[in-house]
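# Architecture and fold: a report
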Amino acid sequence: MADPTIFVDADACPVKAEAMRVAERLGLVVTLVSNGGVRPSRDPIVRVVVVAAGADAADDWIVEQAEANDIVLTADIPLASRVIDKGCHVLGFSGKPFTPASIGMALAMRELNQHLRETGESKGYNAGFTASDRSAFLSALDTLGRKAKAAAPPN
């Protein structure tokens, strides 16, 4: 088993550049997975994977490829749950980790919020992405990347 890979659910990811910067600093490969719209990179540590169109095609690809101790960056709670089950580390775009202890509540809140939107009780607006979110993400990914790299057995 080699160093962990960072997988990015890239379609609506506001922190792709930050993820690549941290990956470069730590010497980790980053894989940007999307349905399209992500430019190819000449950087040897950056892989760009374009999957077929489909609601969960990028999520399914990440789940198939990710291994225990890899890092997955996503705001998609069901995807987070699926890769946590495989032993991956998962970080939201605002720097908040999804863990085995927190994912159940995150899934329940997602279902509740979806129900409230469907019944008209909530408009479903998300808070804007802020500079402090970006800073928290950078710090959390750097810490998580170092932890995952230290946990990887030597080649």
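Residues numbered from 1 in each chain as written. Predicted model: local features only at pLDDT ≥ 70, side-chain atom pairs only at ≥ 80, totals over all residues. Heavy atoms only, no water.

## Notes on the side chain of Asp142
Positionally, Asp142 belongs in helix H5 (residues 131-151). On the basis of relative accessible area, Asp142 is assigned to the buried category, the value being 15%. A polar atom in the side chain of Asp142 sits 3.3 Å from the side chain of Arg25. With sequence-adjacent residues up to four places away left out, Asp142 is seen in contact with Val22, Arg25 and Leu26. (Helix = DSSP H or I, 4+ residues; strand = E, 2+ residues; numbered from the N terminus. Buried < 20%, exposed > 50% of the residue type's maximum accessible area, 1.4 Å probe, protein only. Polar contact = N/O pair within 3.5 Å; in protein donor to acceptor, adjacent residues only side chain to side chain. Contact = heavy atoms within 4.5 Å.)

## Side note on the pairing of strand E1 (residues 6-9)
Side chains Ile6 and Val8 of E1 all project onto a buried face; the interleaved residues Phe7 and Asp9 project onto the opposite face, where all are buried too. In this sheet, strand E2 (residues 30-34) lies alongside E1 in parallel orientation, the contact comprising four bridges. Residue pairing across strands places Asp9 opposite Val33, the latter belonging to E2. With helix H1 (residues 16-26) bridging E1 and the parallel E2, this β-α-β connection has right-handed handedness. With three bridges joining them, E1 and strand E4 (residues 71-73) adopt parallel strand pairing. Looking at E4, one finds that Ile6 is bridged to Ile71. (Pairing = 2+ DSSP bridges. Right-handed = clockwise from strand over helix to strand, strands pointing away.)

## Points about the pattern of salt bridges
As enumerated under the stated definition, the model contains five salt bridges in all. Notably, a salt bridge pairs Lys149 with Asp3, separated by 3.9 Å at the nearest N-O pair. Remark: Asp3 occurs in the segment before E1 and Lys149 occurs in helix H5; sequence separation between them is 146 residues. For Asp142, the salt bridge identified is with Arg25, shortest N-O distance 3.3 Å. With Asp142 in helix H5 and Arg25 in helix H1, this residue pair connects regions lying 117 residues apart in the sequence. For Arg25, a relative accessible area of 47% corresponds to the partly exposed category. (Salt bridge = Lys/Arg side-chain N within 4 Å of Asp/Glu carboxyl O.)

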